[in-house]
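Results of the structural survey
Here are the chains, one letter per residue:
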Amino acid sequence: MMWMTCVRADRELRPGGFAPVMATGIVSQGVRAAGVRWASDGLLAVALAMYGLLLVAWGRRFIT
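First, a word on what this report is: a plain description of the structure on this page. (Residues numbered from 1 in each chain as written. Predicted model: local features only at pLDDT ≥ 70, side-chain atom pairs only at ≥ 80, totals over all residues. Heavy atoms only, no water.)

1. A word on the side chain of Ser28
Here is the rule we go by: Numbering of helices and strands runs from the N terminus; a helix is a DSSP stretch of H or I covering at least four residues, while a strand is a stretch of E covering at least two. Residue contacts are counted whenever heavy atoms from the two residues lie within 4.5 Å of one another.
Turning to its location among the elements, Ser28 is positioned in helix α2 (residues 19-33). Residues within four places of Ser28 in sequence aside, it is in contact with Ser40, Leu43 and Leu44.

2. So, the packing of α2 against helix α3 (residues 37-63)
The description of two packed helices rests on the angle between their axes and on the distance between the axes. Put simply, the rule is: To obtain each axis, a line is fitted to C-alpha atoms, and for helices this fit is confined to the stretch in contact; angles are then taken between N-to-C directions over 0 to 180 degrees. Working rule for angles: under 35 degrees goes down as roughly parallel, over 145 as roughly antiparallel, 65 to 115 as roughly perpendicular, anything else as oblique. The crossing is said to be left-handed when, going from far helix to near helix, the turn is anticlockwise and less than a right angle, and right-handed when the turn is clockwise. The classification used treats Ala, Val, Leu, Ile, Met, Phe, Trp, Tyr, Cys and Pro as nonpolar, Asp, Glu, Lys and Arg as charged, and all other residues, Gly among them, as polar.
For the pair α2 and α3, interaxial distance at closest approach is 8 Å and the crossing angle is 165°. When the axes of α2 and α3 are compared, the pair comes out roughly antiparallel. Of the two possible hands of crossing, α2 and α3 adopt the one that is left-handed. For the pair α2 and α3, the contacting residues are Pro20, Val21, Thr24, Gly25, Val27, Ser28, Val31 and Arg32 in the first and Arg37, Ala39, Ser40, Asp41, Leu43, Leu44, Val46, Ala47, Met50, Tyr51 and Leu54 in the second. Partitioning the contact of α2 with α3 into residue classes produces twelve nonpolar, four polar and three charged.

Set out below in structure tokens:
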């Protein structure tokens, strides 16, 4: 049943789905400028993970 939720989520992707990825990257850069590198690295890792998931979802959307 869970895979059905994933299929619906792929179909309902909006262009604004990239906004959280971009916002997290911007906050990461701000935190780095403030000198808290460990938090910046963590936020960057989160942004990269979200971007990867978004690319996979977009790919699945165009394939199906």
